[in-house]
Amino acid sequence: MHRFTADDLIECYRRGVFPMAEARKDDEIFLVDPARRGVVPLTGFHVPHRLARTVRREPFEVRVDTAFAAVVEACAAPAEGRTETWINGPIERLYAELFARGYCHTVECWRGDEMVGGLYGVSIGAAFFGESMFSTARDASKVALVHLVGRLIVGGYKLLDAQFITEHLTQFGTEEIDRQDYRKRLKAALALESDYFALDQKGGGAEGPAAGAGAAAGGAAALGAGAGGAGAALGAGAGVGAGAGLAGGVAALAGGRAALAAGASRGRGGTTGSPAPGPAVLQAISQAS
């Protein structure tokens, strides 16, 4: 039987399908091709007034690509209304490989040494496929989403796929489109290029050292050893309650985190520490609207 690889996973996204599992302990993988798809607008993204004030106030330190395994683990933790995860061990390892190769990215919200919210997804061409988000502090996942959207706008992305529409996402203007429309938008986005770190390079962020594929490869083994848990569709895990523990991953992840973050964009300079501040993110969103 053909072993499902990271290259297969990339091709799945290019075709408009994505993998899931029935349960965390189920080693089988199946592909999903929804008849209706949730898409978050990059032009006309709505930021509620209260949330905009929170983003400007900057109650969290926002980082990108510094704790991929921990984000995945937090997204996988049981939450109110969800006791099971859709990503099993094989899928977890595939996403870890995609991150090491620069196809996966995170947005993380930190308070001191504690990560209290974040999200991750897959980046191909000018399309970003949101996979999961979590929050253990009020508005943390929402702040992460606002930072993601601003980052995607400046980076030249044309599609933010949320997979399934949720009540949490509708407040931002998320729309549900049919499969044919989605594939048309996907094809157009895949034909273009994007830069996940363009917002930081534009100004307002602390840029990490330039590093290429070698840096990512150097940290890949540590990431694989430290990766834990899995996720749910973007928005499904957005409520407060998902855990952010680093159990089983801290020691292995520490050695490889910096190298992976630095090489996260397939040869471009990665970003560590605090990226562009909230006002810059909101300005990017406003200009796109």
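Quick note: structure is the one above.
Reading the values: the criteria
Counting from 1, residues in each chain are numbered in the order their sequence is written. Local features are withheld for residues below a pLDDT of 70 in this predicted model, meaning they are given only at 70 or higher, and side-chain atom pairs are given and counted only at 80 or more; totals for whole chains, interfaces and linings count all residues. Excluded from the side-chain calculations are hydrogens and water; all other atoms, namely the structure's heavy atoms, are used. Whether two aromatic rings pair depends on their centres lying within 6.5 Å, for rings of Phe, Tyr and Trp, where Trp uses its six-membered ring; planes under 30 degrees apart make the pair stacked, over 60 edge-to-face, and the rest tilted. Secondary structure is summarised from DSSP: a helix means a run of H or I of at least four residues, a strand means a run of E of at least two, and numbering begins at the N terminus for each. Exposure is judged per residue with a 1.4 Å probe applied to protein chains only, and the accessible area is read against the type maximum: over 50% gives exposed, under 20% gives buried, and values in between give partly exposed. The span one expects for a helix is its residue count, reduced by one, times 1.5 Å. The convention used is that axes are lines fitted to C-alpha atoms, helices contributing only their stretch in contact, and that angles between N-to-C directions extend from 0 to 180 degrees. In what follows, roughly perpendicular refers to angles from 65 to 115 degrees, roughly parallel to angles under 35, roughly antiparallel to angles over 145, and oblique to any angle outside these ranges. Any two residues having at least one pair of non-hydrogen atoms within 4.5 Å are treated as being in contact. Just so you know the grouping, Ala, Val, Leu, Ile, Met, Phe, Trp, Tyr, Cys and Pro go in nonpolar, Asp, Glu, Lys and Arg go in charged, and all remaining residues, Gly too, go in polar. Throughout, nonpolar core names a set of buried Ala, Val, Leu, Ile, Met, Phe, Trp, Tyr and Cys residues whose side chains join them through atoms within 4.5 Å. Salt-bridge detection follows one rule: a side-chain nitrogen of Lys or Arg within 4 Å of a carboxyl oxygen of Asp or Glu. Any residue with an atom within 4 Å of a point lines the site, the site being either a cavity, points on a 1 Å grid over the protein atoms alone where a 1.4 Å probe fits but cannot get out, or a pocket, an open set with protein on both sides within 12 Å along at least 5 of 7 lines. Grid points are joined across faces, edges and corners, and a volume is the space filled by probe spheres set on the points.

Novice: Talk me through the packing of aromatic side chains; I want residue IDs and the actual numbers.
Specialist: For any two aromatic rings, the description comes down to two numbers: the centre-to-centre distance and the angle of the planes. The tally for this structure, following the rule as stated, stands at 9 aromatic pairs. A ring pair is formed by Phe18 and Phe164, whose centres lie 5.8 Å apart and whose planes are at 80°; its orientation type is edge-to-face. Placement of Phe18 in strand β1 (residues 18–20) and of Phe164 in the loop between β8 (159–163) and α6 (167–170) is noted, with a sequence separation of 146 residues between them. Judged by relative accessible area, Phe18 falls into the buried class, the value being 1%. With a relative accessible area of 31%, Phe164 lands in the partly exposed category. Arranged with centres 5.2 Å apart and planes meeting at 5°, the rings of Phe45 and Phe172 form a pair that is stacked. A residue pair is termed long-range when its members are at least 10 positions apart, and Phe45 in the loop between β3 (36–40) and α2 (49–57) and Phe172 in the loop between α6 and β9 (175–178) qualify at 127 residues. You can call Phe172 buried: its relative accessible area is 0%.

Novice: Please set out helix α5 (residues 140–154) residue by residue, giving values where relevant.
Specialist: Across its 15 residues, α5 extends 22 Å between first and last C-alpha, which sits within 8% of the 21 Å expected from 1.5 Å per residue. Burial analysis of α5 places 14 of its 15 residues in the buried class, the great majority of the element. Positive phi shows up at Gly156, right after α5, with a value of about 85°.

Novice: Give a detailed account of the packing of α2 against α5, specifying residues and quantitative values.
Specialist: Close contact between α2 and α5 brings their axes to 10 Å; oriented N to C, the two are set at 80°. In terms of axis orientation, α2 runs roughly perpendicular to α5. Between α2, through Arg50, Leu51, Thr54 and Val55, and α5, the contact on the second element is made entirely by Lys142, Val143, Val146 and His147. Considering only residue class, the contact of α2 with α5 consists of 4 nonpolar, 2 polar and 2 charged.

Novice: Tell me about the nonpolar core, residues and numbers included.
Specialist: Phe45, Leu145, Val146, Leu148, Val149 and Tyr196 are the most contacted members of the largest nonpolar core, which has 39 residues in total. Counting only elements with at least two residues in this core, the list comes to α2, β5 (104–111), β6 (114–124), β7 (127–135), α5, β8 and α11 (278–288). Membership of the second largest hydrophobic core comes to 36 residues, among which are Ala6, Phe99, Trp110 and Met115.

Novice: Could you give me a rundown of the pattern of salt bridges, with the residues and numbers involved?
Specialist: All told, the structure shown has 13 salt bridges when counted by the stated rule. The shortest N-O distance in the salt bridge between Arg14 and Glu11 comes to 3.9 Å. Here Glu11 and Arg14 lie together in helix α1 (residues 6–15), a separation of 3 residues that amounts to about one turn. Judged by relative accessible area, Glu11 falls into the partly exposed class, the value being 40%. When the shortest N-O distance is used, the salt bridge between Asp200 and Arg151 registers 2.8 Å. Taken together, the residues Asp200 in helix α8 (residues 198–202) and Arg151 in helix α5 connect sequence positions 49 residues apart.

Novice: Explain the layout of surface pockets residue by residue, including any values.
Specialist: Remark: the empty space left among the atoms is shown by a probe the size of a water molecule rolled over them. Counted as a void, the second largest pocket has a volume near 200 Å³. Lining the second largest pocket are Phe45, His46, Val47, His49, Ala52, Arg56, Leu282, Ile285, Ser286 and Ser289. Tallied by class, the residues present in the lining of the second largest pocket amount to 5 nonpolar, 4 polar and 1 charged.

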